[in-house]
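Structural features, examined
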Amino acid sequence: MSGYFIKGAGERQAYAVDWAARHLRDGEAVRADLGWAITPSTGAVGELAVASSELSGATPSVSLEAGVPGCVYVATSTVQTSLNRVLSHAVAVRVAAEV
């Protein structure tokens, strides 16, 4: 998974983090998806937002919608593991008027 994406303001875009591929220790599993956070976020209409999210095995995924063209947001996935570690992985999302 790359750390930088471009999405159109009017489209939904899905992203996923495969924790097993990079961040988990031998025998460790994702126990809980602690969610996705979007920054900056002021709560204004039209900002980048989480439309839906889910966890499949060690891979949390998110569908992002909206966003202000020209703005760069950071989407961060946070999980808790079977070893009680809390891990976070962030990706930058630049919103374009059209992609």
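I will try to describe carefully the structure that is included in this document. Keep in mind the model is a prediction, meaning the values are calculated, not measured.

Each aromatic ring pair is described using two quantities: the centre-to-centre distance and the angle formed by the ring planes. Considering all chains together, one arrives at one aromatic pair under this definition. When the ring of Phe 5 is compared with that of Tyr 15, the centres are 4.4 Å apart and the planes differ by 55 degrees; the resulting orientation is tilted. Taken as a pair, Phe 5 in strand E1 (residues 4-8) and Tyr 15 in strand E2 (residues 13-16) lie far apart in primary sequence, ten residues in all.

Another aspect to go through is unusual backbone geometry. Look at the link from Thr 39 to Pro 40: it is a cis peptide, with omega at -10 degrees. With phi around 65 degrees, Asn 84 is a residue other than glycine that occupies positive phi space. Within the fold, Asn 84 resides in the loop between strand E6 (72-81) and strand E7 (86-96). Judged by its relative accessible area of 52%, Asn 84 falls in the exposed class.

With that settled, consider the sheet that holds strand E4 (residues 49-56). Strand order in the open sheet formed by three strands is E2-E5-E4, with antiparallel pairing between adjacent strands. Two strands bound the open sheet, and with one partner strand each, they are E2 and E4. Neighbour-to-neighbour, the strand axes of this sheet turn through a mean angle of 20 degrees, independent of strand direction. Note: E4 against strand E5 (residues 59-65), seven bridges, orientation antiparallel. In the sheet register, Leu 55 faces E5, and the bridge partner there is Pro 60.

Here the focus is the sheet that holds E6. If you walk across this open sheet you meet the four strands as E1-E7-E6-E3, and the pairing is mixed. Edge strands, defined here as strands with exactly one partner in the open sheet, are E1 and strand E3 (30-39). The mean angle between the axes of side-by-side strands here comes to 25 degrees, regardless of whether they run parallel or antiparallel. Two elements, E1 and E7, share five bridges in a ladder whose sense is parallel. By the bridge assignment, Ile 6 is partnered in E7 with Arg 94.

Rules of the game
Residues numbered from 1 in each chain as written. Predicted model: local features only at pLDDT ≥ 70, side-chain atom pairs only at ≥ 80, totals over all residues. Heavy atoms only, no water. Phe/Tyr/Trp six-rings, centres within 6.5 Å; stacked < 30°, edge-to-face > 60°. Helix = DSSP H or I, 4+ residues; strand = E, 2+ residues; numbered from the N terminus. Buried < 20%, exposed > 50% of the residue type's maximum accessible area, 1.4 Å probe, protein only. Pairing = 2+ DSSP bridges. Axes fitted to C-alpha atoms, helices over the stretch in contact; angles between N-to-C directions.

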